[in-house]
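Okay, here's what each chain looks like letter by letter:
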Amino acid sequence: MLEIKNYINGELVGPAEGRYLDNFDPATGQVYSKVPDSGGVDVERAVDAAGHAFSAWSRMSTAKRSDILLKIADLIEANADRLARAECIDNGKPLSLARSLDIPRAATNFRFFATRILHSQSESHAMDYSAINYTLRRPRGVAGIISPWNLPLYLFTWKVAPALATGNTVVGKPSEVTPMTAFLFSELCIEAGLPPGVLNVVHGAGAKAGQALVEHPAVPTISFTGGTKTGGTIAKTAGPLFKKYSLELGGKNPNVVFADADLDKALPGSVRASFANQGQVCLCGSRLFVEAPIYDSFVERFLDASKKLRVGDPLEPDTDQGSLVSKAQFEKVSYYVDLAKEEGGEILLGGGPPAPISDRCKEGYFFYPTVIAGLGMNCRVNREEIFGPVVAIMPFKNEDEVIEYANATDYGLAASVWTKDIDRAHRVSERINCGTVWVNCWMLRDLRVPFGGMKQSGVGREGGEEAMRFFTEPKNVCVALRDA
Ligand code: NDP
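Everything numeric here is computed off the predicted structure, so don't read it as measured data.

1. Quick look at the site of the ligand
Phase 1: Taken together, 32 residues form the shell around the ligand, and within it Glu176, Thr230, Leu249, Cys282 and Glu385 come nearest.
Phase 2: At a separation of 2.8 Å, an oxygen atom of the ligand approaches a polar backbone atom of serine 147.
Phase 3: Within the contact set of the ligand, an oxygen atom lies 3.4 Å away from a backbone nitrogen or oxygen of glycine 204.
Phase 4: For the ligand, the protein covers 88% of the area, taking 900 Å² as the surface of the free molecule.
Phase 5: At five residues, helix H7 (residues 206-215) tops the list of elements feeding residues into the shell around the ligand.
Phase 6: Tallied by class, residues from the shell around the ligand come to 15 nonpolar, 13 polar and four charged.
Phase 7: Counting the residues that make up the shell around the ligand, at least three belong to each of domain 1 (2-249 + 457-477) and domain 2 (254-439).

2. Examining the packing of helix H12 (residues 399-406) against helix H13 (residues 422-431)
Phase 1: Where H12 contacts H13, the axes come no closer than 10 Å and their chain directions differ by 30°. For the pair H12 and H13, the sense of crossing is right-handed. Contacts between H12 and H13 involve Glu399, Asp400 and Ile403 on the former and, on the latter, Arg424, Arg427, Val428 and Arg431.
Phase 2: Looking at the contact of H12 with H13 residue by residue, the class counts come to two nonpolar, no polar and five charged.

3. Regarding the sheet that holds strand S19 (residues 414-418)
Either a parallel or an antiparallel arrangement is found when strands of a sheet pair, and the pairing is made through backbone hydrogen bonds.
Phase 1: Read across the sheet, seven strands follow the order S15-S16-S17-S14-S13-S19-S20 without closing on themselves; strand pairing throughout is mixed. Lying at the two open borders of the sheet, with one neighbouring strand each, are strand S15 (346-349) and strand S20 (436-439). Recorded for the sheet is a direction-independent mean angle of 25° between the axes of neighbouring strands.
Phase 2: Packing of H12 onto the sheet brings it into contact with strand S13 (254-257), strand S14 (287-291) and strand S17 (390-396), and relative to S14 it is tilted by some 175°.

4. Considering the sheet that holds strand S6 (residues 124-127)
Phase 1: As summarised here, the arrangement of the three strands in space is S6-S7-S23, forming an open sheet in which the pairing is antiparallel. Edge positions in the sheet fall to S6 and strand S23 (472-480), since each of these pairs with one other strand and no more. Strand-to-strand twist in this sheet, taken as the mean axis angle between neighbours without regard to direction, amounts to 20°.

5. Quick word on the pattern of salt bridges
Phase 1: Following the criterion strictly, the structure yields 28 salt bridges and no others.
Phase 2: In this structure, arginine 360 and aspartate 25 form a salt bridge, with 3.9 Å as the shortest nitrogen-oxygen distance. Of this pair, arginine 360 sits in the loop between S15 and strand S16 (370-373) while aspartate 25 sits in strand S4 (residues 20-25), placing them 335 residues apart in sequence.
Phase 3: Residue aspartate 25 is classed as buried on the basis of its relative accessible area, which comes to 7%.
Phase 4: Among the ionic pairs, lysine 93 bridges to glutamate 87, the shortest N-O distance being 3.7 Å.
Phase 5: What makes lysine 93 buried here is its relative accessible area of 0%.
Phase 6: Residue glutamate 87 is classed as buried on the basis of its relative accessible area of 1%.

6. Comments concerning the nonpolar core
Phase 1: Core analysis: the biggest nonpolar cluster contains 71 residues, and Ile76, Phe110, Leu164, Leu194, Leu199 and Leu283 have the highest contact counts within it.
Phase 2: Here this core gets ten residues from one element, more than from any other, and that element is helix H5 (residues 152-165).
Phase 3: Each residue touching leucine 194, except ones within four places of it in the same chain, is listed here: Tyr7, Trp57, Ile68, Ile72, Leu164, Cys189 and Leu199.
Phase 4: Counting 32 residues, the second-largest nonpolar core is a separate cluster that includes Phe289, Leu339, Leu375 and Ile403.

7. Overview of the packing of aromatic side chains
Phase 1: Applying the stated criterion across every chain, the model contains twelve aromatic pairs.
Phase 2: Where phenylalanine 110 meets phenylalanine 185, the ring centres are 5.7 Å apart and the plane angle is 50°; that geometry is what we call tilted. Residue phenylalanine 110 is found in helix H4 (residues 95-116), and its partner phenylalanine 185 is found in helix H6 (residues 180-192); the two are separated by 75 residues along the sequence. Across this residue pair, the class does not change: phenylalanine 110 and phenylalanine 185 are buried.

8. Considering the pairing of S19
Phase 1: Counting buried positions along S19 gives five out of five residues, so the element sits mostly inside the fold.
Phase 2: Here S19 shows two buried faces, one formed by Ala414, Ser416 and Trp418 and the other by Ala415 and Val417.
Phase 3: Sheet topology places S13 next to S19; three bridges connect them, and they run parallel. Residue pairing across strands places valine 257 opposite tryptophan 418, the latter belonging to S19.
Phase 4: As defined by bridge partners, S19 adjoins S20 across four bridges and the pair is classed as parallel. Its bridge partner being in S20, valine 417 is matched across the sheet by valine 439.

9. With respect to the domain arrangement of the protein chain
Phase 1: The domain boundaries assigned to the protein chain delineate domain 1 (2-249 + 457-477) and domain 2 (254-439).
Phase 2: Here the C-alpha centre of domain 2 lies 30 Å away from the C-alpha centre of domain 1.
Phase 3: The partner domain 2 presents 28 residues to the 25 residues of domain 1 that form the contact.
Phase 4: Taking both partners together, domain 1 and domain 2 bury about 2000 Å²; carbon and sulfur atoms supply 57% of that area.
Phase 5: When the buried area of domain 1 at its contact with domain 2 is split by residue, Ala27, Trp149 and Ser457 rank highest and sum to 25% of it.
Phase 6: Seen at the junction of domain 1 and domain 2, the total is one salt bridge.
Phase 7: Summed over the shared surface of domain 1 and domain 2, the result is nine residue pairs in polar contact (both at pLDDT 80 or more).
Phase 8: Contributions of two or more residues to the side of domain 1 that touches domain 2 are made by helix H3 (80-91) and H4.
Phase 9: The greatest single-element share of the side of domain 1 that touches domain 2, amounting to four residues, is contributed by H3.
Phase 10: The residue makeup of the side of domain 1 that touches domain 2, split by class, is eleven nonpolar, ten polar and four charged.

Parameters at a glance
The numbering scheme is per chain: residues are counted from 1 as the chain's sequence reads. Per-residue local features are limited, in this predicted model, to residues with pLDDT of at least 70; the limit for side-chain atom pairs, both in listing and counting, is 80 or more; totals at the level of whole chains, interfaces and linings are taken over all residues. Side-chain numbers here rest on the full set of heavy atoms in the structure, without hydrogens or water. To be near a molecule or strand, a residue needs just one of its heavy atoms within 4 Å of it. Between N or O atoms, a polar contact is any pair within 3.5 Å; within protein, one atom must be a potential hydrogen donor and the other a potential acceptor, and residues adjacent in sequence are included only when both atoms are from side chains. Only the protein chains shown count as covering a residue, and every accessible area follows the Shrake-Rupley method with a 1.4 Å probe. Helix and strand definitions here come from DSSP, where helices need a minimum of 4 consecutive H or I residues and strands a minimum of 2 consecutive E residues; each element is numbered from the N-terminal end. Think of it as three bins: nonpolar holds Ala, Val, Leu, Ile, Met, Phe, Trp, Tyr, Cys and Pro, charged holds Asp, Glu, Lys and Arg, and polar takes everything else, Gly as well. Residue ranges labeled as domains rest on an automatic or database domain assignment. Axis geometry follows a simple rule: fit a line to the C-alpha atoms, using only the stretch in contact for helices, then measure angles between N-to-C directions, giving values from 0 to 180 degrees. The sense of a crossing depends on the near helix, which, turned anticlockwise from the far helix by less than a right angle, makes the crossing left-handed and, turned clockwise, makes it right-handed. Only heavy atoms enter the contact rule, under which two residues are in contact if any of them lie within 4.5 Å. Paired strands, as defined in this entry, are two strands with at least two bridges between them according to DSSP. Salt bridges, as used here, are contacts in which a Lys or Arg side-chain nitrogen is within 4 Å of a carboxyl oxygen on Asp or Glu. Only protein chains enter the area calculation, which uses a 1.4 Å probe; residues under 20% of their type maximum are buried, those over 50% are exposed, and those in between are partly exposed. Among buried residues, those of type Ala, Val, Leu, Ile, Met, Phe, Trp, Tyr and Cys that are joined through side-chain atoms within 4.5 Å constitute a nonpolar core. Aromatic pairing here means that ring centres of Phe, Tyr or Trp (its six-membered ring) are within 6.5 Å. Orientation follows from the plane angle: under 30 degrees is stacked, over 60 is edge-to-face, and everything else is tilted. What gets called buried area is simply the loss in accessible area from a 1.4 Å probe that two parts show on being joined, summed for both.

See the structure below:
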């Protein structure tokens, strides 16, 4: 059986203690590879390698660094079919989604930051005629990067690319649930000529390898994407060590459809926002609010459109919905659907696994797209992140009411607003407490804009300039021009 390797100091190596964990194909429920169960010794070696590589990498000319990162982007593109298949098997997502979204975006992440550094500017402030201040930005050293399983290569490279582009070296810990693309990516980094130690990938469990990385005294920067609870643990560890950290966490995002919306756009947009990647996107609109005059007709059309989603073998080209990522995730989603019933919800669609997909997938973790009505704003299903193909649909009377509903959660990651009234679009966008509002669209991403969440959805922002700043330390130099 294939054994995934760590990538340390430019080499693919097994874990120090020789222990491996099972890696499952969630569409079949079968173990298909082994992933290193790394621990403190592996993290120590990786941090050591990254520390030694830092001086040469950070002082390499920007043009040369950019060339190497662009070569990595080229190799991701050249290997897109292989990477997409690996991601599909690792994660259960449809092959078509991995091929059209995850893998191209991983290449774009590298291309974006590799070219961004070629056009850097720094600030300068003249104090009348007495002095000039200028700001030097320097990489911070070894960055610890921890990423989740839902968009494995997309989110891993979204952090690795800016960290490397700004001259940091990296120790990354991908999710143990979906390690395969980070492993294949390590091979591509070797092929691209990335100097040894610049990027190191240590696979293993979060509480062991991840925790060792966050605690390590020679890792001053932690960039984390994952659940809010884990984010809290990381903050508790990194805070007292005065590390700089960024946390991209969970969401319970409102998707608001006003009666004047262009329904030919709002309907498919809402179906996508509800069920893309089996609802396992932090940005999914898991609370769907529809203005009362169109509520009944919208629900009918929304259910019709959702029923047409083909739940199937992720490897089949026409599959819209693959399997959930793991047995644990299947149990979590099932738990919340049961809870919704206890809380008075009415299941309008789905509510459990579909009929067996195929002989190959008979033990996979599939869950039918599920729509629930009749839940109150305070019930747990409307407040807690489920992270599955489950959407709660509710009517609202007016703008004030829906803003209150939208904000009635501890999360504040993203929202969508569908309306033809431009004044209302701006007003509502301003009043929803979250990091991103999409008007008449969903998950349209411009890599230059700040990305992140308010409230329990995170601390800090990623994206373009924010990432460049996060991974660098500003130093002000004040030069006197004459005696004060
Ligand atoms: P987790 O928080 O469970 O895990 C995220 C990563 O952290 C994994 O690599 C995990 O390893 C690791 N980890 C777990 N415990 C620790 C620890 N004590 N110290 C260091 N690392 C640790 O999240 P999931 O993987 O379940 O991902 C789903 C979550 O991610 C959802 O809540 C989703 O909303 C959020 N997310 C947020 C996004 C955003 O941009 N805001 C984007 C995408 C997802 P292991 O897998 O081995 O446990």
